[in-house]
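An overview of the molecular structure
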Amino acid sequence: MTPLLSVQGVTKHYGARLGCGNVNFDLWPGEVMGIVGESGSGKSTLLSCLSGQLAPDAGKVVFDTRAEGPRDVLTMSEPERRMLARTDWAFVHQNARDGLRMGVSAGGNVGERLMAVGARNYADIRAQAIDWLGRVEITEDRVDDRPRAFSGGMQQRLQIARNLVTGPRLVFMDEPTGGLDVSVQARLLDLLRGLVREMGLSAVIVTHDLAVVRLLADRLMVMKGGHVVETGLTDQVLDDPQHGYTQLLVSSVLQV
Amino acid sequence: MIRISDVSKSFVLHNQGSAVIPVMEGASLSVAPGECVALVGNSGAGKSTLMRMIYGNYLAGAGLIMVGDVDVARAEPREILTLRREVLGYVSQFLRVVPRVPTLEVVAEPVLAAGGSAEAGEARARELLARLNIPERLWSLSPTTFSGGEQQRVNIARGFAHGFPALLLDEPTASLDATNRAVVLELIAEAKARGAAIIGIFHDAEAREAVCDREIDVSGFTPARAA
Ligand SMILES: Nc1ncnc2c1ncn2[C@@H]1O[C@H](COP(=O)(O)OP(=O)(O)OP(=O)(O)O)[C@@H](O)[C@H]1O
Ligand SMILES: Nc1ncnc2c1ncn2[C@@H]1O[C@H](COP(=O)(O)OP(=O)(O)OP(=O)(O)O)[C@@H](O)[C@H]1O
Ligand SMILES: [Mg+2]
Ligand SMILES: [Mg+2]
């Protein structure tokens, strides 16, 4: 088996300041990797580098493409990378507004992704959009509403529907449950867990919530000051942390 | 099926003056298919620690932990994940679940994870929940609001749903009434009969006598404390 994503020595500076340094890991098909760490530790920077939104200073991000097998995302042409971003990848932003088109209806937000990969039949697109909105528990009578009319949790679910409609193989999520109240978080978690299992998705999830990580992630990576300080099975890292920073992190929250 | 040799473990507390706490040294044992072995020893002797090292949620300091043909002490995360899906089950003391997931799905999940069909998972979940006397009206609800004893029985049902060749049980009969304790002992006996290798921690001596073939005193693996 080939890793779906192989990250090798990814480094990004902002001027003199380190964003993230020498990050290495392999993500296997069907695996969910969690990334935790304090504010400013480089989590979002890393996620942007992995998803082709930010060019790192050094390193490789090798993705196992459907057509041509493993390819370095960073040396691909821009159109190739954009095609990947529309088909095999999905990016769920922390702020739903960054991942949605606020001036377009809910159905349009979902349909747009389908059209970007060549869907042309209006009735089919609408039917698929309604199907996906249903899966994220947005009822059909809201399909023509703009995202602005939705609550934060609904916007987040709409963002997930928009991202998953094209059947991606790899999903990047930056704090997908951030800023939502706990009952909404729980629904979102349940939804994500189900989708990961049914669709065999792989995912990289950045979050500060260790309970979320415990329930959703198979593996965990802990970052501090731009560096990965510890990696391992999620329950091993949380139950028997080896690095001083991880020990501090785990002991500063209530039992998870 | 399970073979441990010369396993040691220390905890290093980096935020408490980097104190090194040795908790295990020279731990060795093996469990054959169809056998149930009890870990015994005082509180703090290291029973749970040893069990967690076998499951891979504590890192072994040194030694060999073979479960089937995987050395958990050295395996990659993804090898351990596969082992846990297919070979090695663990009934911990507490149930951890995604909120909102119905009990029936919580119990059926290990069957699906091991590649079983949705129908097979549901049928097995129904059978186990009924045997463990969880009222049927609760099956469609999330166990997060259940009583402690109910949650524990859901946890046990989940642990026995897939026919794991190796099973770890951390106090599966604690705080259960006599009827339900008897059901758990039956489940253990059935698992042995189909050839599972089982390691259990039972504070209840009667339960231990009923299902365990041998006892291993973990205090034998407790390092001599440095003064
Ligand atoms: N566009 C930018 N220009 C300059 N510095 C930046 C930029 N983006 C991030 N940084 C810096 O890089 C470091 C890592 O930031 P990053 O956003 O990756 O952290 P993070 O782990 O995602 O934090 P948070 O949990 O607060 O979202 C920080 O020191 C940050 O100030
Ligand atoms: N995560 C941990 N960090 C630090 N020390 C630990 C940790 N887990 C266990 N220990 C220590 O290891 C030793 C063995 O603990 P363990 O929980 O294995 O005992 P036990 O035999 O299961 O006891 P009990 O019968 O009370 O459950 C104890 O001294 C305990 O404090
Ligand atoms: Mg961030
Ligand atoms: Mg114990």
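What you see is a predicted model, and the numbers here were worked out from it, not measured in a lab.

1. Regarding the sheet that holds strand 1 (residues 2-13) of chain B
Either a parallel or an antiparallel arrangement is found when strands of a sheet pair, and the pairing is made through backbone hydrogen bonds. All names here are of chain B. Read from one edge of the open sheet, four strands run 2-1-4-5, paired in antiparallel fashion. Single-partner strands in this sheet number two, and they are strand 2 (19-31) and strand 5 (70-71). Here five bridges tie strand 1 to strand 4 (residues 62-67), and the two strands are oriented antiparallel to one another. Counterpart to Arg3 in the pairing with strand 4 is Met66.

2. Here's the deal with the pattern of salt bridges
Summed over all chains, the structure comprises 30 salt bridges over all chains. Linking A:Asp88 and A:Arg66 is a salt bridge whose minimum nitrogen-to-oxygen distance equals 2.3 Å. Placement of A:Asp88 in the loop between helix 2 (78-86) and strand 6 (89-92) and of A:Arg66 in the loop between strand 4 (58-65) and strand 5 (69-72) is noted, with a sequence separation of 22 residues between them. Residue A:Arg66 is classed as exposed on the basis of its relative accessible area, which comes to 55%. Between A:Asp145 and A:Arg142 there is a salt bridge whose closest N-O contact spans 2.6 Å. Among the residues examined, A:Arg142 registers a relative accessible area of 24% and is labelled partly exposed. One continuous salt-bridge network, built from bridges that share partners, spans B:Arg124, B:Glu127, B:Arg131, B:Glu186 and B:Glu190.

3. Things to note about the layout of surface pockets
A probe as big as a water molecule, rolled over the atoms, marks out the empty space that is left. Residue and element names in this part refer to chain A. Of the voids in this model, the second largest pocket is the one considered here, and its volume is about 450 Å³. Lining the second largest pocket are 20 residues, and of these Ala85, Arg86, Phe91, Arg113 and Asn163 sit closest to its centre. Secondary-structure elements contributing two or more residues to the lining of the second largest pocket are helix 2, strand 6, helix 3 (96-99), helix 4 (106-116) and helix 6 (152-164). Per-element accounting of the lining of the second largest pocket gives the leading share, five residues, to helix 2. Tallied by class, residues from the lining of the second largest pocket come to six nonpolar, six polar and eight charged.

4. Some points on the sheet that holds strand 7 (residues 170-174) of chain A
Residue and element names in this part refer to chain A. Across the sheet, six strands lie side by side as 6-7-8-3-9-10; this open sheet has mixed pairing. Two strands close off the open sheet at either side, each with one partner strand: strand 6 and strand 10 (227-233). Within this sheet the neighbouring strands show an average axis-to-axis angle of 15 degrees, counted without direction. Its contacts with the sheet place helix 10 (residues 244-251) against strand 3 (32-37), strand 9 (219-224) and strand 10, and it is angled at close to 105 degrees to strand 9.

5. Considering the state of the cysteines
Residue and element names in this part refer to chain B. The full count for this structure, using the stated rule, is zero disulfides over all chains. As a non-bridged cysteine, Cys36 has Cys212 as the owner of its nearest cysteine sulfur, 3.6 Å distant. Look at Cys212 and you get buried, because its relative accessible area is 14%.

6. A short note on the packing of aromatic side chains
By convention here, two paired aromatic rings are described through the distance between centres and the angle between planes. In the structure shown here, the tally under the stated rule is five aromatic pairs over all chains. Relative to B:Tyr58, the ring of B:Phe11 lies with its centre 5.4 Å away and its plane at 85 degrees, an arrangement referred to as edge-to-face. Here B:Phe11 is found in strand 1, whereas its partner B:Tyr58 is found in the loop between helix 1 (47-55) and strand 4, with 47 residues between them in sequence. For the pair formed by B:Phe11 and B:Tyr58, the shared burial category is buried. Each ring, one from B:Tyr55 and one from B:Tyr90, has its centre 4.6 Å from the other, and the planes form 40 degrees; the classification is tilted. Highlighted residues: B:Tyr55 in helix 1 and B:Tyr90 in strand 6 (residues 88-91), separated in sequence by 35 residues. There is no split in this pair, since B:Tyr55 and B:Tyr90 are both buried. Three or more aromatic residues joined by ring pairs make a cluster, and in this case those are A:Phe63, A:Trp89, A:Phe91 and A:Phe172. Its end group placed over the ring of A:Trp132, A:Arg135 keeps NZ or CZ at 4.1 Å from the ring centre. For B:Arg78, the ring lying beneath its charged end belongs to A:Trp28, and the centroid distance is 3.5 Å.

7. Focus on empty space enclosed by the protein
All names here are of chain A. Per the counting criterion, the structure on display carries one cavity of 30 Å³ or more. By volume, the largest cavity is sized at about 40 Å³. Forming the walls of the largest cavity are Leu164, Val171, Met173, Leu192, Leu195, Val196, Leu201 and Ala203. Secondary-structure elements contributing two or more residues to the lining of the largest cavity are strand 7 and helix 7 (182-199). Sorting elements by how many residues they give to the lining of the largest cavity places helix 7 first, with three residues. Among the residues making up the lining of the largest cavity, the classes are represented as eight nonpolar, no polar and no charged.

8. Notes on unusual backbone geometry
Non-glycine residue A:Glu137 carries a positive phi angle of around 65 degrees. Looking at the element boundaries, A:Glu137 is found in the loop between helix 5 (122-135) and helix 6. One non-glycine residue with positive phi stands out, namely B:Asn133, at about 60 degrees. Tracing the chain through its elements places B:Asn133 in the loop between helix 4 (118-131) and helix 5 (148-161).

Parameters and conventions
Residues numbered from 1 in each chain as written. Chains lettered and ligands numbered in written order. Predicted model: local features only at pLDDT ≥ 70, side-chain atom pairs only at ≥ 80, totals over all residues. Heavy atoms only, no water. Pairing = 2+ DSSP bridges. Helix = DSSP H or I, 4+ residues; strand = E, 2+ residues; numbered from the N terminus. Salt bridge = Lys/Arg side-chain N within 4 Å of Asp/Glu carboxyl O. Buried < 20%, exposed > 50% of the residue type's maximum accessible area, 1.4 Å probe, protein only. 1 Å grid on protein atoms, 1.4 Å probe; cavity = no way out; pocket = protein on both sides within 12 Å on 5 of 7 lines; lining within 4 Å. Points joined across faces, edges and corners; volume = space filled by probe spheres on them. Nonpolar A, V, L, I, M, F, W, Y, C, P; charged D, E, K, R; others polar. Axes fitted to C-alpha atoms, helices over the stretch in contact; angles between N-to-C directions. Contact = heavy atoms within 4.5 Å. Disulfide = S-S within 2.5 Å. Phe/Tyr/Trp six-rings, centres within 6.5 Å; stacked < 30°, edge-to-face > 60°. Lys NZ or Arg CZ within 6 Å of the ring centre and 35° of its normal.

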